[in-house]
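Okay, here's what each chain looks like letter by letter:
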Amino acid sequence: MNVVLFGPPGAGKGTQAKELSNYYDIPHISTGDILRANVKEGTKLGKEAEQYMNRGELVPDEVLIGIIKNRLAEPDCKKGYLLDGYPRTIPQADALAGILEEIGMPLDVVLNIDVPDEELVGRLSGRYMCKCGESYHIRFNPPQKEGICDSCGGQLYQRDDDKEEVIRQRLESYKNKTQPLIDYYANKNLLVHINGEKGINSVFDDIRVVLDKYVN
Ligand code: ADP
Ligand code: ADP
Ligand code: ZN
């Protein structure tokens, strides 16, 4: 099963990808997570990416194309992949098509998780993360114990870029650079719309109805 989870920041891509990855047993590849791990480790790539991320701008295409090419070459991707946060520009999508053709794993479907703007700011500004990859929301998906991760007991924290000014810039970057990919994939007959305004479990059920068709 070869899938792209598409949608604006805060649509619920990470939340759904984590569940889907467990359910279908295929790797969840989040370019945001890969970049944040590099920032934390202080790698050369992390140092370059950090300045863009803190401003809510996209990291340059060459950097992302390199990351995704290496990641897709890893053996666990033989089972398929769930891409989250990539591609975000037309050049990234073109590069992806080339890579996928080379490895012989063409896309099955692009799920566009639709959520209106007004809702996104509230989702991002109330988001709390755990280092294990779980994310929570202060109102919509609170942990059982305040500030503590249900699955690993870790301390929850807010992302540096989940602040109002940076959120606005991220939504701007999405509109200018990423949204055109909706038509790009619709023209290739790969796009399926998912109503992301419903609760987390309903969205998961709706996605499963689509993805079950690609289980062999
Ligand atoms: P993305 O990866 O698309 O940026 P996340 O999965 O991190 O988005 O979700 C953003 C925030 O919204 C998180 O705090 C998450 O708990 C919350 N969230 C995710 N899906 C829903 C939903 N269907 N309804 C309400 N809140 C949600
Ligand atoms: P979101 O919650 O907005 O979906 P991500 O965790 O996917 O956030 O990404 C965080 C930041 O990492 C982005 O604002 C951007 O700076 C950078 N980033 C992640 N993926 C990409 C990509 N495919 N192209 C360019 N920049 C990216
Ligand atoms: Zn945790």
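Structure's up top.
This structure is a prediction, so every number in the text was calculated from the model and none was measured.

Cut-offs and rules
Residues numbered from 1 in each chain as written. Chains lettered and ligands numbered in written order. Predicted model: local features only at pLDDT ≥ 70, side-chain atom pairs only at ≥ 80, totals over all residues. Heavy atoms only, no water. Near = heavy atom within 4 Å. Polar contact = N/O pair within 3.5 Å; in protein donor to acceptor, adjacent residues only side chain to side chain. Areas by Shrake-Rupley, 256 points an atom, 1.4 Å probe, with all protein chains shown as cover. Helix = DSSP H or I, 4+ residues; strand = E, 2+ residues; numbered from the N terminus. Nonpolar A, V, L, I, M, F, W, Y, C, P; charged D, E, K, R; others polar. Buried < 20%, exposed > 50% of the residue type's maximum accessible area, 1.4 Å probe, protein only. Arc of directions from axis to C-beta. Contact = heavy atoms within 4.5 Å. Core = buried A, V, L, I, M, F, W, Y, C linked by side-chain atoms within 4.5 Å. Donors = N, O, S within 2.8 Å, 3.2 Å for Na, K, Ca; no water. Tetrahedral: all angles 85-135°; square planar, octahedral: opposite > 155°, others 65-115°. Axes fitted to C-alpha atoms, helices over the stretch in contact; angles between N-to-C directions. Left-handed = near helix turned anticlockwise from the far one by under 90°. Parallel < 35°, antiparallel > 145°, perpendicular 65-115°, else oblique. Salt bridge = Lys/Arg side-chain N within 4 Å of Asp/Glu carboxyl O.

1. Section: the site of ligand 2
For ligand 2, the set of nearby residues contains 18 residues, the closest of which are Thr 31, Arg 36, Glu 57, Gly 85 and Arg 170. At 3.1 Å, a backbone N or O of Val 59 approaches a nitrogen atom of ligand 2. A distance of 3.1 Å is found between an oxygen atom of ligand 2 and a side-chain nitrogen or oxygen belonging to Arg 127. In isolation ligand 2 offers 550 Å² of accessible surface; the protein chains occlude 97% of this area. In terms of residue count, helix α2 (residues 31–41) provides more of the shell around ligand 2 than any other element does, four residues in total. For the shell around ligand 2, a count of residues per class yields seven nonpolar, four polar and seven charged.

2. Section: helix α3 (residues 44–55)
Inspection of α3 places Gly 46, Ala 49 and Met 53 among the buried residues, and these make up the whole buried set. All buried residues of α3 project into a common sector of 75° when viewed along the axis, lining one side. Exposed residues lying more than 90 degrees from the buried face of α3 are Lys 44 and Lys 47. The inward-facing, buried residues of α3 abut α2 and α7 (164–178). After α3 finishes, the residue Gly 56 shows a positive phi value of roughly 80°.

3. Let's talk about the nonpolar core
The biggest cluster of nonpolar side chains holds 31 residues, and the ones touching the most others in it are Leu 72, Tyr 81, Leu 83, Leu 96, Leu 107, Val 110 and Tyr 185. With 24 residues, the next largest nonpolar core counts Ile 26, Leu 82, Leu 120 and Ile 194 among its residues.

4. Topic: the side chain of Gln 16
Residue position: Gln 16 is located in helix α1 (residues 13–24). Those residues within four positions of Gln 16 in sequence are excluded, and the remaining contacts are Ile 113, Ile 200, Val 203, Phe 204 and Ile 207.

5. Examining the coordination of the zinc ion (ligand 3)
Protein-derived ligands of the zinc ion (ligand 3) are Cys 130 (SG), Cys 132 (SG), Cys 149 (SG) and Cys 152 (SG), with the metal-ligand distances lying across 2.2 to 2.3 Å. Viewed at the metal, the four donor atoms of the zinc ion (ligand 3) are separated by angles of 99 to 115°, and the geometry they form is tetrahedral. Residue Cys 130 is classed as buried on the basis of its relative accessible area of 2%.

6. Here we look at the packing of α2 against α3
Direction vectors running N to C along α2 and α3 enclose 115°, while the axes themselves pass 8 Å from each other. Between α2 and α3 lies a crossing of left-handed hand. Along the contact surface, α2 presents Gly 32, Leu 35, Arg 36, Asn 38 and Val 39, while α3 presents Leu 45, Gly 46, Ala 49, Glu 50 and Met 53. Partitioning the contact of α2 with α3 into residue classes produces five nonpolar, three polar and two charged.

7. Thoughts on the packing of α1 against helix α9 (residues 200–211)
The interhelical angle for the contact between α1 and α9, taken along N-to-C directions, is 50°, at an axis separation of 10 Å. It follows from the interaxial angle that α1 and α9 lie oblique. Of the two possible hands of crossing, α1 and α9 adopt the one that is right-handed. Each of Thr 15, Gln 16, Glu 19, Leu 20, Tyr 23 and Tyr 24 in α1 lies in contact with α9, whose residues at this interface are Ile 200, Val 203, Phe 204, Ile 207, Arg 208 and Leu 211.

8. Focus: the environment of Pro 180
Position of Pro 180 relative to the elements: it lies in the loop between α7 and α8 (181–187). For Pro 180, a relative accessible area of 34% gives the class partly exposed. In the structure, Pro 180 is positioned 131 residues away from Ala 49 in sequence and 23 Å away in space, judged by C-alpha atoms. Setting aside its immediate chain neighbours within four residues, Pro 180 contacts Ile 90 and Lys 175.

9. Digging into the pattern of salt bridges
Oppositely charged side chains can form a pair if their charged atoms are brought close together. By the definition in use, this model includes 16 salt bridges. Between Glu 57 and Arg 55 there is a salt bridge; the shortest N-O distance is 3.3 Å. Take Arg 55: its relative accessible area is 41%, and that puts it in the partly exposed class. Residue Asp 117 is joined to Lys 175 by a salt bridge in which the shortest nitrogen-to-oxygen separation is 2.7 Å. Here Lys 175 lies in helix α7 and Asp 117 lies in helix α6 (residues 117–125), a separation of 58 residues in the sequence.

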